[in-house]
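Spelled out, the chains give:
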Amino acid sequence: MYNAKIYTVDSAFSIAEALAVKNGKIQALGTSKDITKNYFARQKINAQGKSIYPGFIDAHAHFYSYGLSLQRVDLTGTTGWEDILNRLQTFAKTNTDGWLTGRGWDQNDWPVKEFPSKEKLDELFPDRPLLLTRIDGHAAIANQKAMDMGGIVPGQKLTGGTVEVKNGKLTGILIDNAIDLVSAKIPEPSLQQIKAALNEAQKACFAVGLTTVDDCGLNAKEVMIIDSLQSKGELKMRIYAMLSDAQANYDFLFNKGKIKTDYLNVRSFKVYADGALGSRGACLLMPYADKQGLYGFLLSPQQHFDSVANIISSKGFQMCTHAIGDSGNRTVLNIYAKYLKGKNDLRWRIEHAQVVNEKDFSLFGQYNIIPSVQPTHATSDMYWAGDRLGKEREKGAYAFKKLLQQNGWIPLGTDFPVEDISPFKTFYAAVFRQDAKDFPNKGYQMDNALTREETIRGMTIWAAKSNFEEKEKGSLEKGKFADFIILDNDLMIAEKKEILKTNVIATFINGEKVFEKK
Ligand SMILES: [Zn+2]
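For the structure given in this document, a descriptive report is provided here. (Residues numbered from 1 in each chain as written. Predicted model: local features only at pLDDT ≥ 70, side-chain atom pairs only at ≥ 80, totals over all residues. Heavy atoms only, no water.)

### Here we look at the coordination of the zinc ion
Here's step 1: His 60 (NE2), His 62 (NE2) and Asp 415 (OD) make up the full set of protein donors to the zinc ion, lying at 2.1 to 2.2 Å.
Here's step 2: In primary-sequence terms, the residues that donate to the zinc ion follow H-x1-H-x352-D. (Donors = N, O, S within 2.8 Å, 3.2 Å for Na, K, Ca; no water.)

Have a look at this one:
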């Protein structure tokens, strides 16, 4: 590869013109003249002056469930309840049996910003179970058939979840743990369906320049399937897999030990502290500004997080906990602090670290706790985050710069399929703090914007570091995997209006082209 502008993302953020690849690894970097003179290559690529970056790493995604979601009714961007009903009917015509499942609705995008209720669903689909999950996965609507299968009755109480009732009747709305009562009844996908899901997800990721993804919450069985597909060469995506907080997963990994191949790294557990801000499930220190007396809640008793941290710490694994509300974050920070004790290199992560109390930011630095954040969450939530939190508290939300300053580095991700998979949207949201509609015109809470260089690092080397993989990927340096992308735009200097139009021309893993733009 020569005649390129290669952003190596090494510690000096230096730029090279050419690189040589041998056996899937980077052999040398330098000027076009030196590299073409000193290294013989079977295949030479003239990059024609285009910019090259290390393959992007999404530090927080749901790769497998994204693949599955591509096989369900897509409800993202729906304009209202009618729109949802139309999409369901269209989908049901060609998918005639079994469960109807969909994901991606968001009532905040609708003219009537209230949760829908299920009457129409029962009318249209009296005999076919149906479950439609909200964009954030923390709320869903089910029809009566599905609720019957889940054994849900009005007035039912459960921990960490709510079954909504109006005038003594079920509305179909389920919050957090209540969703599991229904989703547990959905039959497991077949091996064929699992393979198809992983392959479709991989295809979409390569097309946007992702060469590694963190899958935040898999089960042992899924990890075994991924490992076997990767070892047969049927799946080329590199995956950092966090196992879900379940006894079977702890037994599996503690027994087997950390798993590390060139394609798979399993050494961490994903735990959920609280829910999401949109559905008011995030656990706050003070009540929601738009719902009197409501604080949100923790998804498990504090004792659970403590005992999990204790065992993960004693076994030397990584803990990654989802925390959105300031109380959720404080709870996790304090429990982490108890086991991390002080400065350390265990890289325990807080996923999202979305609303942090002013007094708690310094705990990230003091205990080297890694905030793993998603810039597009800021630009999606900014329309209503202030309503939920009030102006004062909102200042400590989506505070990426302030979080970056705690450890001097921060991994970035998207949380896809909650957000779009595009790394360019992440870049745009982090640097300009605007959405694709360029709202708000001066940017949202700009004191927390990241620079272009910080953002690129967050999407490459810092993401690799949060996965203990900074020695093998995340930058283009001698001896590292030859995972890189050619872009038709140079993100470091492109005009703002060009950024979201950026295309990936080609994606390489181990020096092998796995995607080429047609
Ligand atoms: Zn997530």
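From this point, the discussion proceeds with the structure in view.
### Considering the nonpolar core
Here's step 1: In this structure, Phe 63, Ile 239, Leu 277, Ile 350, Phe 416 and Leu 491 are the most contacted members of the largest nonpolar core, which totals 107 residues.
Here's step 2: Of the residues forming this core, the biggest block, 7 residues, is contributed by helix α11 (residues 326-340).
Here's step 3: Discounting chain neighbours no more than four positions away, the residues touching Phe 416 are Asp 58, His 60, Ala 61, His 62, Phe 63, Tyr 66, Cys 205, Leu 210, Val 213 and Ile 421.
Here's step 4: Judged by nonpolar contacts, the second largest core, of 18 residues, contains Leu 75, Leu 85, Leu 100 and Phe 125. (Core = buried A, V, L, I, M, F, W, Y, C linked by side-chain atoms within 4.5 Å. Buried < 20%, exposed > 50% of the residue type's maximum accessible area, 1.4 Å probe, protein only. Helix = DSSP H or I, 4+ residues; strand = E, 2+ residues; numbered from the N terminus. Contact = heavy atoms within 4.5 Å.)

### A word on the sheet that holds strand β1 (residues 5-7)
Here's step 1: Read across the sheet, 6 strands follow the order β2-β1-β5-β20-β21-β22 without closing on themselves; strand pairing throughout is mixed. The sheet is open, and its two edges are formed by β2 (15-16) and β22 (512-516), each paired on a single side.
Here's step 2: In the sheet, strand β5 (residues 51-54) pairs with strand β20 (residues 484-487) via 4 bridges, with the strands oriented antiparallel. The partner of Ser 51 across the bridge, within β20, is Leu 487.
Here's step 3: Across the face of the sheet, helix α7 (residues 191-207) comes into contact with β21 (504-509) and β22 while running at roughly 120° to β21. (Pairing = 2+ DSSP bridges. Axes fitted to C-alpha atoms, helices over the stretch in contact; angles between N-to-C directions.)

### A closer look at helix α8 (residues 220-231)
Here's step 1: The first and last C-alpha atoms of α8 sit 16 Å apart over 12 residues, in line with the 16 Å expected at 1.5 Å per residue.
Here's step 2: The positive-phi residue at the C-terminal boundary of α8 is Gly 233, with phi of around 80°. (Expected span 1.5 Å × (residues − 1).)

### Looking at the packing of helix α17 (residues 423-432) against helix α18 (residues 452-459)
Think of two packed helices as two axes; the pair is described by the angle between the axes and how far apart they sit.
Here's step 1: The geometry of α17 relative to α18 is characterised by a closest axis approach of 9 Å and an angle of 140° between their N-to-C directions. On the basis of the axis angle, α17 is oblique to α18. Once α17 is placed against α18, the crossing between them reads as right-handed. Across the interface between the two elements, Pro 423, Thr 426, Phe 427, Ala 430, Val 431 and Phe 432 from α17 touch Arg 452, Thr 455, Ile 456 and Met 459 from α18.
Here's step 2: A per-class count over the contact of α17 with α18 returns 7 nonpolar, 2 polar and 1 charged. (Parallel < 35°, antiparallel > 145°, perpendicular 65-115°, else oblique. Left-handed = near helix turned anticlockwise from the far one by under 90°. Nonpolar A, V, L, I, M, F, W, Y, C, P; charged D, E, K, R; others polar.)

### Quick look at the side chain of Asp 274
Here's step 1: Tracing the chain through its elements places Asp 274 in the loop between β16 (264-272) and α10 (302-315).
Here's step 2: Buried and unpaired, Asp 274 has no salt bridge, with Lys 270 as the nearest side chain of opposite charge at 10 Å.
Here's step 3: Reaching out from Asp 274, the side chain makes a polar contact with the backbone nitrogen of Cys 283 at a distance of 2.8 Å.
Here's step 4: In this structure the side chain of Asp 274 is engaged in a polar contact, spanning 2.9 Å, whose partner is the backbone nitrogen of Ile 324. (Lys, Arg positive; Asp, Glu negative; His and termini not counted. Salt bridge = Lys/Arg side-chain N within 4 Å of Asp/Glu carboxyl O. Polar contact = N/O pair within 3.5 Å; in protein donor to acceptor, adjacent residues only side chain to side chain.)

### Some remarks on the packing of aromatic side chains
Here's step 1: Counted under the stated rule, the structure contains 16 aromatic pairs.
Here's step 2: Measuring from ring centre to ring centre gives 5.1 Å for Tyr 336 and Trp 348, while their planes differ by 75°; the resulting arrangement is edge-to-face. In this pair, Tyr 336 is assigned in helix α11 and Trp 348 in the loop between α11 and β18 (349-352), connecting sequence segments 12 residues apart. The burial state of Tyr 336 is the same as that of Trp 348; both residues are buried.
Here's step 3: Ring geometry for Tyr 428 and Phe 432: centres 5.1 Å apart, planes at 55°, overall tilted. (Phe/Tyr/Trp six-rings, centres within 6.5 Å; stacked < 30°, edge-to-face > 60°.)

### So, the pairing of β22
Here is the key point about a regular strand: its side chains alternate between the two faces of the sheet.
Here's step 1: The pairing of β21 with β22 spans 4 bridges and is classified as antiparallel. From the neighbouring strand, Thr 507 faces β22, where its bridge partner is Phe 515.

### As for the environment of Ala 20
Here's step 1: Within the secondary structure layout, Ala 20 lies in strand β3 (residues 18-22).
Here's step 2: Judged by its relative accessible area of 10%, Ala 20 falls in the buried class.
Here's step 3: Considering only alpha carbons, one finds Ala 20 and Gly 209, 189 residues apart in sequence, at a separation of 20 Å.
Here's step 4: Among all residues touching Ala 20, those that are not within four sequence positions of it are Lys 25, Ile 26, Gln 27, Ala 28, Ile 35 and Tyr 39.

### Some remarks on the pattern of salt bridges
Here's step 1: Considering all chains together, one arrives at 31 salt bridges under this definition.
Here's step 2: Salt-bridge contacts for Glu 123 lead to Lys 120; the nearest nitrogen and oxygen are separated by 3.3 Å. Of this pair, Glu 123 and Lys 120 are both found in helix α4 (residues 119-124), 3 residues apart, which corresponds to roughly one turn of the helix.

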